[in-house]
Amino acid sequence: NAGVTQTPKFQVLKTGQSMTLQCAQDMNHNSMYWYRQDPGMGLRLIYYSASEGTTDKGEVPNGYNVSRLNKREFSLRLESAAPSQTSVYFCASSEQGVMSNQPQHFGDGTRLSIL
Amino acid sequence: DAKTTQPNSMESNEEEPVHLPCNHSTISGTDYIHWYRQLPSQGPEYVIHGLTSNVNNRMASLAIAEDRKSSTLILHRATLRDAAVYYCILRGFTSGTYKYIFGTGTRLKVLA
C-alpha cells in the first residue's frame, strides 16, 4: 500500500517563485493535514482539512494556501516563496475527523529550499 | 498556549526498558497526549495516545501523571530499530481551532 504520497520529494526555488506541493492518500481517509518541520524542531501545523470541501488554518498558515481537490488529494501552494519558507513539508491523513483521536499517517516529506 | 518539554537526547542499552519523559504543565482538561516517533528522512509514525488513564499497545505503554502535567512513554525492551526522535504532542482545541502541538522531541540512541 502506498499510504500517503507526496510530490516532489525535493525542490529548489528562487525567492518570489510560486510552487504547489501535492499530496494524495489511498486509505479513504476523511481528514488531511499539512505540516512544516524546520531543523531541530518538531512539526508545526499549517492547514488542515477535516473533510472533503473544508479547510482550516493551523498554527502557521501565513504565506500558504491549500486546496482539498477531492477526498484523496490535498495540495499546498506557496504563491510567492520566501527564504523563511525553506523547510521540510509533511502531509498526513487520518481516517476520521479532527474531533477523533485517530492516528495520523504521514508521507515521507518534501524538502524545499528557497534561495 | 499549551506546549510540551522533553529532554533533547537519551541513551539506552539494547533489550533494556526506556522511559521517555514529557512535561506539559499547561495542558487543558480536554487535551489528549499523543506520542509519535520519527526515523531519519521519514515522516512521523504514531506510537500511542491517552487522556487520563495509563495505556498499553503492542509498541509501548503510556503512563500519565494524576495531575496530567507530565507523562512518560515506556518502551519495554529497546531494540536498535527503536532509535529515533520521539515526540510528545498535545491534541485539542483552542477557541474552536484545532491544535496539534509538537514538542522538540527526544533523540533516543540505543546501544548494542
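Right above here is the structure, for reference.
Parameters and conventions
Per chain, the residues get numbers from 1 upward, laid out in the order the sequence is written. Here every chain gets a letter starting at A, and every ligand a number starting at 1, in the order they are written. Since the coordinates come from a predicted model, pLDDT governs what is reported: local features require at least 70, and pairs of side-chain atoms require 80 or more to be given and counted, while whole-chain, interface and lining totals use all residues. Side-chain numbers come from the whole structure's heavy atoms, not from hydrogens or water. We call a residue buried when its accessible area falls under 20% of the maximum for its residue type, exposed when it is over 50%, and partly exposed in between, using a 1.4 Å probe and counting protein chains only. Helix and strand labels come from DSSP, where a helix needs a run of H or I of at least four residues and a strand needs a run of E of at least two; each type is numbered from the N terminus. When DSSP locates at least two bridges between a pair of strands, those strands are taken to pair. In this analysis, two residues are considered to be in contact whenever any of their non-hydrogen atoms come within 4.5 Å of each other. Here the quantity called buried area is the accessible surface, traced with a 1.4 Å probe, that two parts lose on coming together, added over both. By convention in these notes, a salt bridge is any Lys or Arg side-chain nitrogen within 4 Å of a carboxyl oxygen on Asp or Glu. Think of a polar contact as two N or O atoms within 3.5 Å of one another; within protein, one of them needs to be a possible hydrogen donor and the other a possible acceptor, and neighboring residues in sequence only count if both atoms come from side chains.

## A word on the pairing of strand β8 (residues 74-78) of chain A
Residues and elements named next belong to chain A.
So, point 1. The buried fraction of β8 is high, at four of five residues.
So, point 2. Sheet analysis places strand β3 (residues 19-25) next to β8, joined by three bridges and oriented antiparallel. Bridge pairing in β8 links Met19 to Leu78.
So, point 3. The hairpin formed by strand β7 (residues 65-68) and β8 contains five residues between the paired strands.

## Notes on the interface of chain B and chain A
So, point 1. On the side of chain A, 22 residues touch chain B, which itself brings 20 residues to the contact.
So, point 2. Of the roughly 1,700 Å² buried where chain B meets chain A, counting both sides, 55% is carbon and sulfur surface.
So, point 3. The tally of links between chain B and chain A comes to zero salt bridges.
So, point 4. At the boundary of chain B with chain A, the tally comes to five residue pairs in polar contact (both at pLDDT 80 or more).
So, point 5. Of all the elements in the fold, those that place two or more residues in the side of chain B that touches chain A are β3 (32-38), β4 (45-50), β8 (84-94) and β9 (97-102) of chain B.

## Quick word on unusual backbone geometry
Residue and element names in this part refer to chain A.
So, point 1. Here the bond from Thr7 into Pro8 is cis, since omega is -5 degrees, no more than 30 degrees from zero.
So, point 2. Along the chain, Pro8 falls in the loop between β1 (4-7) and β2 (10-13).
So, point 3. Its identity as a non-glycine residue notwithstanding, Asn28 has a phi of 60 degrees, on the positive side.
So, point 4. Positionally, Asn28 belongs in the loop between β3 and β4 (31-37).
So, point 5. Asn28 gets classed as exposed once you look at its relative accessible area, which sits at 54%.

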